[in-house]
Amino acid sequence: MLALEAVVKHFAEGDEVVRAVDGVELRVAAGEVVALYGPSGSGKSTLLQLAAALLRPDAGRVTFEGRDLARLSGAAAADYRRDELGFIMQEFHLMKGVSAVENAGTKLLAASVDPAAARRRATEWLDRVGLGHRVSAPPERLSGGERQRVAIARALTNEPRLILADEPTGSLDSRRGEEILRLLREIARDRGAGVLLVTHDPRAAEVADRVERLVDGRLAAGGGGEEAPAARGGAVVGGAAGEPVSPPGATGS
Ligand SMILES: Nc1ncnc2c1ncn2[C@@H]1O[C@H](COP(=O)(O)OP(=O)(O)OP(=O)(O)O)[C@@H](O)[C@H]1O
């Protein structure tokens, strides 16, 4: 599904060159959850931006379903992000003074989904991330963790085939963090979405099929296929395997 082949991305910083991503080979298959760990500054966010066609590699190739993302026009890259991707970013980018459900529905409206349907689907996803009781609240009346969950709901409303998640549990308490990790695992299992999960959260390894480690822009030795400690395909953190995060029937579709 997603493939990075010998990908290099350097940045000029004055006279210095920052080797943010430095020869990375990484694949994410349909239905697979890959957890990517690494110290601050190791290139994780840069790698996600390359996968989102927000950056082009200086060398190597990033492909989605065999399509070279660097060859997409600006409009085609925007379509890729809107139609295929769920990008959960570190920054939430929510609109102030606008309700949670309207914030969560913006991606669907951008895809010309009928406003009533967008509202219904956004409500379902807010419910799935545990915010069904806060749909009317604007971001300034939500906690940091609640804002993060609105951003997660928004990213998932289009039923993406590939989910790129940058610290999706960073603002969440332990229980909510576990729920979000389980939700991502469920989406991968039930809908065959690929998930690339950048995180410092040790619990992510428990839901991942594979754990990779990035150091100084390179995947660490042994990180090219290291198996996650937990069983895959449903055995997840905190709770019974396969236990749904949301009430049955909340499919989000
Ligand atoms: N636009 C840019 N211009 C110059 N340098 C950049 C740019 N973006 C990232 N970098 C540098 O590239 C390196 C990798 O940054 P990146 O944000 O990918 O790391 P990270 O692993 O996501 O870090 P963190 O865990 O702190 O978010 C860092 O040294 C950073 O300063």
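So, how was this worked out
- Residues numbered from 1 in each chain as written.
- Predicted model: local features only at pLDDT ≥ 70, side-chain atom pairs only at ≥ 80, totals over all residues.
- Helix = DSSP H or I, 4+ residues; strand = E, 2+ residues; numbered from the N terminus.
- Contact = placed C-beta atoms within 7 Å.
- Near = placed C-beta within 6 Å.
- Nonpolar A, V, L, I, M, F, W, Y, C, P; charged D, E, K, R; others polar.
- Buried ≥ 20, exposed ≤ 12 C-beta atoms within 10 Å, placed from the backbone.
- Pairing = 2+ DSSP bridges.

- You'll find the protein chain entered in an unreviewed UniProt entry as Putative ABC transport system ATP-binding protein, with Conexibacter arvalis given as the organism.

1. Points about the environment of Ala59
At step 1: Secondary-structure assignment places Ala59 in strand S4 (residues 59-64).
At step 2: In this structure, the C-alpha to C-alpha distance between Ala59 and Val7, residues 52 residues apart in sequence, is 5.7 Å.
At step 3: If we ignore the near neighbours within four places in the chain, the residues touching Ala59 are Ala6 and Val8.

2. Points about the site of the ligand
At step 1: Lining the immediate surroundings of the ligand are Phe11, Glu13, Val18, Ala20, Gly38, Ser40, Gly41, Ser42, Gly43, Lys44, Ser45 and Thr46.
At step 2: Looking at the shell around the ligand, the elements with two or more residues in it are strand S1 (2-13), strand S2 (16-28) and helix H1 (44-51).
At step 3: Sort the elements by how many residues they give to the shell around the ligand and H1 lands first, with three residues.
At step 4: Classifying every residue of the shell around the ligand gives three nonpolar, seven polar and two charged.

3. Some thoughts on unusual backbone geometry
At step 1: Even without being a glycine, Ala6 presents a positive backbone phi close to 50 degrees.
At step 2: Secondary-structure assignment places Ala6 in strand S1.
At step 3: Under the C-beta neighbour-count criterion, Ala6 is labelled exposed, with 12 such atoms within 10 Å.
At step 4: The backbone of His93 shows a phi angle near 50 degrees, a positive value even though the residue is not glycine.
At step 5: Relative to the helices and strands, His93 is located in the loop between strand S6 (85-88) and helix H3 (100-104).
At step 6: For His93, a count of 11 C-beta atoms within 10 Å translates into the label exposed.

4. What to know about the sheet that holds S1
At step 1: Pairing within the open sheet is antiparallel, and its four strands lie in the order S2-S1-S4-S5. Strand pairing shows two members of the sheet lacking a second neighbour, S2 and strand S5 (67-68), which therefore form its edges.
At step 2: Relative to S5, S4 runs antiparallel, the two being bridged by two bridges. What sits directly across from Thr63, in S5, is Asp68.

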